[in-house]
Amino acid sequence: MVKSKYSHPIDDLLRLDRVPYTWCPGCGIGIILHHTLRAIKELESEGKINRDKILFVTGIGCTGRAAGLVKLDAAHVLHGRAIPFAVGAMLANPSLIPIVFSGDGDIAGIGGNHLLHAARRNMDILVIMVNNFTYALTGGQLAPTTPYKVYSTTTPYGNPEPPIDTAKALMALDVNYIARWSVTHLTKIKDSVKYALTKRGFRFIEVISVCPEIFGRHIGIRDPYQLYVTLRKIAKTRIKPSFGDIKYDWNSEITCGVFVDRDDPGYFDRLKEIGVTKK
Ligand code: SF4
């Protein structure tokens, strides 16, 4: 453990005995985790959340390592299974506040089927998907989110597949909240997580991250600063964009903003409605 004479406002939400963490220098995941924890901290100080009720669930991947770093009840589960684990825990104990925090390979790739059906049910969980465009932890294989034509270790001639725009795909389902930001939108990440945590139903926040070690190397931008500057130009925030306006294209624009914000009954509301649980 690295001892420091300095303290930080979210120190009490982190397992400082795990410092230094294993994320590469310049990686965006720590920034996204930081602003997620800041959101929890602010809600707690406003008396709107009890950290003891939070269940922080991650799958496998670089982002998945976050479960071992937070001082919250946390689970680091099988690849692609963070969502069903969170759903199962909540069905057993509806007083929990599940937060799934995992990468694009885990959520949209291996766990894509779980994502689809949790969204279809408007299940009462918050999913934060950190998108670094690749399976980074395992060496840079093609992910469903990898941009068209980009090199990966499993597509050495470039990706021949169009990627999935996960946030846009979920708009076809009646979920209560969908937003996308980039790791360059610090306050937006925090405010969005904070707002989503006060809502019911299925809430999905995608954050485009930077991975200088793998994705950066694949596109020829190893310098973290240059990668942030490049992402800053591509990630364009739009107010209430229409479905047709939303783009997911590394070469032109990745649209950010709030895509869906409604307050339909969540899964637990429906259980009450049909008499499975008490109103
Ligand atoms: S490989 Fe990429 S995503 Fe993983 S820790 Fe390193 S920079 Fe971050």
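Criteria and thresholds
- Residues numbered from 1 in each chain as written.
- Predicted model: local features only at pLDDT ≥ 70, side-chain atom pairs only at ≥ 80, totals over all residues.
- Heavy atoms only, no water.
- Helix = DSSP H or I, 4+ residues; strand = E, 2+ residues; numbered from the N terminus.
- Buried < 20%, exposed > 50% of the residue type's maximum accessible area, 1.4 Å probe, protein only.
- Near = heavy atom within 4 Å.
- Nonpolar A, V, L, I, M, F, W, Y, C, P; charged D, E, K, R; others polar.
- Core = buried A, V, L, I, M, F, W, Y, C linked by side-chain atoms within 4.5 Å.
- Contact = heavy atoms within 4.5 Å.
- Polar contact = N/O pair within 3.5 Å; in protein donor to acceptor, adjacent residues only side chain to side chain.
- Pairing = 2+ DSSP bridges.
- Salt bridge = Lys/Arg side-chain N within 4 Å of Asp/Glu carboxyl O.

### Thoughts on unusual backbone geometry
1) Next: The residue after Val 19, namely Pro 20, is reached through a cis peptide bond having omega 0 degrees.
2) Next: For Pro 20, the position within the fold is in the segment before α1 (29-45).
3) Next: Unlike most non-glycine residues, Phe 133 shows phi in positive territory, near 70 degrees.
4) Next: Mapped onto the elements, Phe 133 comes out in the loop between β4 (126-131) and α5 (166-170).
5) Next: You can call Phe 133 buried: its relative accessible area is 1%.
6) Next: Positive phi outside glycine occurs at Lys 240, with the angle close to 40 degrees.
7) Next: Tracing the backbone through its elements, the reader meets Lys 240 in the loop between β7 (235-237) and β8 (248-249).
8) Next: For Lys 240, a relative accessible area of 75% puts it in the exposed group.

### A short note on the site of the ligand
1) Next: Taken together, Trp 23, Cys 24, Cys 27, Ile 29, Cys 62, Asn 132, Ala 136, Cys 211, Pro 212, Glu 213 and Ile 214 are the residues near the ligand.
2) Next: Residue composition of the shell around the ligand, grouped by class: nine nonpolar, one polar and one charged.

### What to know about the nonpolar core
1) Next: By size, the foremost hydrophobic cluster in this structure holds 53 residues, and its most contacted members are Leu 33, Leu 37 and Phe 101.
2) Next: Top element by residues in this core is α1. It accounts for seven residues.
3) Next: What Leu 33 contacts, discounting residues up to four positions off in sequence, is Leu 14, Trp 23, Phe 56, Ala 66, Val 70 and Phe 101.
4) Next: Val 77, Val 87, Leu 115 and Phe 268 belong to the second-largest nonpolar core, a separate cluster that totals 34 residues.

### Description of the environment of Pro 98
1) Next: In this fold, Pro 98 is placed in strand β3 (residues 97-103).
2) Next: Given the relative accessible area of 3%, Pro 98 is considered buried.
3) Next: C-alpha separation for the pair Pro 98 and Val 57, spaced 41 residues apart in sequence, amounts to 7.3 Å.
4) Next: Among all residues touching Pro 98, those that are not within four sequence positions of it are Leu 55, Ala 86, Met 90, Asp 124, Ile 125 and Leu 126.

### Concerning the side chain of Asn 176
1) Next: Relative to the helices and strands, Asn 176 is located in the loop between α5 and β5 (177-182).
2) Next: A polar side-chain atom of Asn 176 sits 2.9 Å from the main-chain carbonyl oxygen of Asp 264.
3) Next: Dropping the residues within four chain positions of it, Asn 176 is found in contact with Asn 122, Lys 199, Arg 200, Gly 201, Phe 202, Val 260, Asp 261, Arg 262, Asp 263 and Asp 264.

### Brief notes about the pairing of β4
1) Next: Within β4, six of the six residues are buried, which leaves the element mostly enclosed by the surrounding structure.
2) Next: With burial as the criterion, each face of β4 is covered, one bearing Leu 126, Ile 128 and Val 130 and the other bearing Val 127, Met 129 and Asn 131.
3) Next: Two strands pair when backbone bridges link them, and β3 and β4 are joined in this way by five bridges, in the parallel orientation. If you follow Val 100 over to β4, its bridge partner there is Val 127.
4) Next: Here β4 pairs with strand β6 (residues 203-208) via six bridges, running parallel. Residue Val 130 lies in a different strand from β6, and its bridge partner there is Val 207.

### Re the pattern of salt bridges
Two side chains of opposite charge can pair, provided their charged atoms sit close to one another.
1) Next: Enumeration according to the criterion identifies 17 salt bridges in this entry.
2) Next: Here Asp 264 ties to Arg 262 by a salt bridge, and the two come within 3.9 Å at their closest N and O atoms.
3) Next: If you follow the salt bridges from partner to partner, you end up with Glu 42, Glu 46, Lys 48, Lys 190, Asp 191 and Lys 194 in one network.

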